[in-house]
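# Remarks on the overall topology
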Amino acid sequence: MTETGGAGSGGEAAKDRLPDLRSFTKPELEDLVRELGEPAYRAGQLYEWIHRKRAYTYDEMTNVPRRLKERLAAAVSFDPPVIRERQVSAADGTRKYLFRLGDGNYVESVFMPYHHGNSVCVSTQVGCRMGCSFCASTLLGLTRNLTAGEMLLQVYAIERDTGSRVSNIVMMGTGEPLDNYDSSVRFIRMISGPDGLNISERNITLSTCGLVPGIRRLKDEHLMINLALSLHAPTDSLRRTLMPVARKYALAEIMDALRDYYSAGRRRLTFEYSLIRGVNDGAEEAEELASLLRGYNALVNLIPVNPVTETGFREPTSAGASAFKKKLENHGIHVTIRREMGRDIDGACGQLRKRCTEMDSRL
Ligand code: SAH
């Protein structure tokens, strides 16, 4: 598997689509505006409309001349967000969104209100090619990468729809962010930039299934973001049965790459571990996990697996999950059992998108 998301000026998803205006950085916008025969200062106006005032259409950009708007419309795409579905959890206020993209594809995002601020869980790809056996997002394979602008738009549209500020971003929706490296990093830079939402890098978490070259590259970006590893098994042999990517990168290599990332002054490492009844939730796995994480400043996030019809996996009992947690804590490891948000609304990642994509193909 390659880890290029496709670089280039702004639009990096599909070759037959025009570059995505929302993905242009300010210097790139200046070049574009100049190419279109306008003075560079127009780029500042455009950037402000797109990323601060979060305009959805050219019509909203009152101080931009019509001539420029027409030239832009011919050169780049600027699709407004289309909310195809919105599910609101009566239990905890979690909102799950299904967006329809300009080319008819769907992506899911989740809004999670917390006391300490609101979080958005962002998708980075349409589908996923990592093939994890418990995950709904990968069942239809990878359709395409998202552009940085399409990641930004999920957050902008949710802020506008909820009327609330978003202060935390988790890149844990559909897709593997390090399999769409360039756009993911571009997104992080733009959303944390002073001319954008200005979200602190420390409030951004990128979750990966463990693509070692991507983790190594990320270290050199000198971003202060949090990294979370989807671990799900304490040994290579068990991990290989759940995650095809484990055949490519051994745990020792991944842990090495994480240690390097960490020693470059990064913060605490988070490990995600979906507890699957009878598969990875036994006392033996807890002990193996504790020895794997010895010496790390680790936080283990236990997630009772969200049942997906196609996988047949079941979540542990709550006593089983607590026993697993206790075993890790006995070794001095920080553990949380993830508060299950929005179970009443198509909880598992990818389920909503899959349902709608299948529905469309039947039409
Ligand atoms: N590709 C990235 C991010 C997307 S998945 C990654 O692998 O980290 C976000 C998290 O949800 C991952 O830890 C993933 O393994 C987990 N996940 C996927 N399907 C799940 C399910 N059915 N139940 C519980 N967790 C799941």
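Residues numbered from 1 in each chain as written. Predicted model: local features only at pLDDT ≥ 70, side-chain atom pairs only at ≥ 80, totals over all residues. Heavy atoms only, no water.

## Looking at the sheet that holds strand β3 (residues 106-114)
The criterion, for reference: Paired strands are those between which DSSP finds at least two bridges. Helix numbering and strand numbering both begin at the N terminus, where a helix is a DSSP run of H or I of at least 4 residues and a strand a DSSP run of E of at least 2. Axis lines are fitted through C-alpha atoms, for helices just across the contact stretch, and the angle between N-to-C directions can take any value from 0 to 180 degrees.
One open sheet holds the 10 strands; their spatial order is β1-β2-β3-β4-β7-β8-β9-β10-β11-β12, and the pairing between them is mixed. Only two strands of the sheet have a single neighbouring strand rather than two, namely β1 (82-88) and β12 (334-337). Averaged over all neighbouring strand pairs, the angle between strand axes comes to 20°, with direction disregarded. Across 3 bridges, the pairing between strand β4 (residues 117-121) and strand β7 (residues 168-171) is parallel. Bridging across to β7, S119 finds its partner in N168.

## Structural notes on the pattern of salt bridges
For side chains bearing opposite charge, pairing can occur when the charged atoms are close. Selection criterion: Any carboxyl oxygen of Asp or Glu within 4 Å of a side-chain nitrogen of Lys or Arg constitutes a salt bridge here. A simple rule labels every residue: compare its accessible area, found with a 1.4 Å probe on the protein chains alone, to the largest value its type can have, and call it buried under 20%, exposed over 50%, or partly exposed in between.
All told, the structure shown has 21 salt bridges when counted by the stated rule. Across the pair R186 and E28 runs a salt bridge whose closest N-O atoms are separated by 2.7 Å. On the criterion of sequence distance, the pair formed by R186 in helix α5 (residues 181-192) and E28 in helix α1 (residues 26-35) is long-range, its members being 158 residues apart. Neither R186 nor E28 differs from the other in exposure class; each is buried. As a salt-bridge pair, D31 and R34 come within 3.3 Å of each other at their nearest N and O atoms. Of the two residues, D31 and R34 both sit in helix α1, 3 residues apart, roughly one turn of that helix. One salt-bridge network, held together by shared partners, links R17, D103, R144 and E150.

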